[in-house]
Amino acid sequence: MTILLLAEIQNDQLNAATAKALAATAALGGPVHVLVAGQGVEKVAEAAARLAGVAKVLLADDVIYAHRLAEPLAALIVSLAPDYDVLAAAATSTGKNVMPRVAALLDVMQISEITKIHAPDVFERPIYAGNAVEMVQSSEAKKVITIRTAAFQPVGEGGSAAIEKISGGTDSAVSRFAHEEIARSERPELGSARVIVSGGRALQGAENFAMLIEPLADELGAAVGASRAAVDAGYAPNDWQVGQTGKVVAPELYIAVGISGAIQHVAGMKDSKVIVAINKDEEAPIFEIADYGIVGDLFTVLPALKEELAKSRR
Ligand SMILES: Cc1cc2nc3c(=O)[nH]c(=O)nc-3n(C[C@H](O)[C@H](O)[C@H](O)COP(=O)(O)OP(=O)(O)OC[C@H]3O[C@@H](n4cnc5c(N)ncnc54)[C@H](O)[C@@H]3O)c2cc1C
């Protein structure tokens with residue numbers, strides 16, 4: 001059983017999602033090759049080669065992979081597929097974009113967002129916004145899987161895999177990268193943060209995110225998250241959204257502020273180790289999954305909390 005894992009590259013760096021997806025593939029019991037595709041990504045390949053458990057890194061450095069458009073990337077993976085039993089990627093925007101195309105081109109089904117590998121052909125994955133877990137057995141000759149990274153601890157470093165350069169494929173030129181708008185932040189990335197402070201509709205405006213949620217996050221070295229209601233209302237940018245249609249996270253500490261705990265939000269954070277809820281409605285569903293809850297007005301609780309945190313630091 002040989003496994004090809006697509007490396008997740010973000011801002012020209014190897015993203016932590018790759019180390020988590022690697023931890024998942026370990027259960028498949030075979031050599032794992034990591035595919036690094038991009039332009040000017042030699043450093044990324046070196047970082048991938050250092051990850052524990054990587055047998056080989058395939059480096060496809062070519063302008064046609066510069067923005068990881070689905071068409072050329074899927075064609076590349078399909079061209080490599082004859083040598084592999086499992087084609088895997090983290091269930092990130094890139095993985096979700098590319099892998100179903102790979103599956104269709106190979107005429108196999110894809111198994112999405114797996115959270116556990118029981119056997120090389122038996123996988124667990126959540127359905128119904130995380131309210132049921134289904135165990136599926138795949139009889140496909142080649143398995144195409146995406147991995148829910150929040151369910152796995154990243155592997156460490158210590159590997160020294162060989163890097164093999166592979167030549168770029170041809171570009172079907174059916175799509176073209178136009179431009180991107182990247183939200184730059186000094187805070188930890190939502191997907192790999194150990195602590196997340198999330199705000200909901202109750203924040204009432206972007207200025208309150210800036211005045212209350214963000215300083216608390218900075219005090220805790222946390223990433224900032226948001227509910228869809230807060231995003232839709234323009235209080236927070238789209239890439240902060242946690243939930244079924246946003247990011248799925250599982251930090252050590254998740255602080256939900258003014259978030260009711262709708263099923264679609266909970267789907268994205270219920271696997272957090274410790275959940276703290278601050279809400280003025282004691283009947284809010286978020287309290288059903290919170291380990292610690294404060295029933296109170298966030299506009300008085302948050303400043304008090306921040307003050308206490310600052311005191312404990314002095
Ligand atoms: C297909 C689909 C996909 C969806 N995907 C997502 C998703 O990915 N992520 C997501 O979050 N949602 C998602 N939703 C939306 C979801 O159903 C909820 O509408 C949303 O999560 C509600 O956000 P909220 O908790 O911020 O707002 P509300 O439900 O309005 O809750 C606000 C909470 O704040 C409390 N509150 C008000 N004032 C204060 C105060 N001063 N102090 C303290 N507490 C206060 C209230 O008691 C209330 O509990 C999805 C919905 C659908 C249909």
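Rules and cut-offs
Every chain is numbered on its own, with residues counted from 1 as its sequence reads. In view of the model being predicted, local features appear only for residues whose pLDDT reaches at least 70, and side-chain atom pairs are presented and counted only at 80 or more, with totals across whole chains, interfaces and linings using the full set of residues. By convention in this description, side-chain values take in all heavy atoms of the structure and omit both hydrogens and water. Secondary structure elements are defined from DSSP: runs of H or I of at least 4 residues count as helices, runs of E of at least 2 residues count as strands, and each element is numbered from the N terminus. Contacts: residue pairs with any heavy atoms within 4.5 Å of one another. Any residue with a non-hydrogen atom lying within 4 Å of a molecule or strand is treated as near it. Polar contacts, as used here, are pairs of N or O atoms within 3.5 Å; protein pairs need one atom able to donate a hydrogen and one able to accept it. Residues neighboring in sequence count only if both atoms are side-chain atoms. In this description, accessible areas are obtained by the Shrake-Rupley approach with a 1.4 Å probe, and a residue is regarded as covered only by the protein chains that are shown. Polarity classes work like this: nonpolar for Ala, Val, Leu, Ile, Met, Phe, Trp, Tyr, Cys and Pro, charged for Asp, Glu, Lys and Arg, and polar for all others, with Gly in that last group. Two strands pair under a simple rule: DSSP has to find at least two bridges between them. Fitted lines through C-alpha atoms give the axes, limited to the stretch in contact for helices. The angle between two N-to-C directions lies from 0 to 180 degrees. The way it works is a 1 Å grid over only the protein atoms, where trapped points that fit a 1.4 Å probe form a cavity and open points with protein on both sides within 12 Å along at least five of seven lines form a pocket, and then any residue with an atom within 4 Å of a point lines it. Grid points are joined across faces, edges and corners, and a volume is the space filled by probe spheres set on the points.

Draft legend 1. Summary view of the side chain of Thr25. Note that Thr25 resides in helix H1 (residues 16-25). Thr25 has contacts with Ile3, Val32, Ala88, Ile117 and Ile147, leaving out every residue within four places of it along the chain.

Draft legend 2. Representation of the site of the ligand within the structure. Not every one of the 25 residues close to the ligand is listed here, only the nearest: Arg201, Ser227, Thr245, Ser260 and Gln264. A distance of 2.6 Å separates a nitrogen atom of the ligand from a polar side-chain atom of Thr245. Gln264 is positioned with one of its side-chain polar atoms (N or O) 2.6 Å from an oxygen atom of the ligand. Against a free-state accessible area of 980 Å², the protein chains account for coverage of 76% of the ligand. For the shell around the ligand, the secondary structure elements donating two or more residues are helix H6 (228-232), helix H7 (263-266) and helix H9 (298-313). For the shell around the ligand, the per-class residue count stands at seven nonpolar, 13 polar and five charged.

Draft legend 3. Looking closely at the sheet that holds strand E8 (residues 116-119). If you trace the three strands from one edge of the open sheet to the other, you get E8-E9-E10, paired in antiparallel fashion. Both outer strands of the open sheet, E8 and strand E10 (132-137), are each paired with one neighbouring strand and no more. When strand polarity is set aside, the average angle formed by the axes of neighbouring strands in this sheet is 30°. Inspection of the sheet shows E8 paired to strand E9 (residues 122-127) by three bridges, in the antiparallel sense. The residue of E9 that forms the bridge with Ala119 is Val122.

Draft legend 4. The arrangement of the layout of surface pockets in detail. What the second largest pocket holds in volume is close to 430 Å³. Along its surface, the second largest pocket is lined by 26 residues, and Gly200, Arg201, Gly258, Ile259 and Ser260 are the ones closest to its centre. If you list the elements that add at least two residues to the lining of the second largest pocket, you get H6, H7, strand E16 (274-279) and H9. Residue composition of the lining of the second largest pocket, grouped by class: eight nonpolar, 14 polar and four charged.

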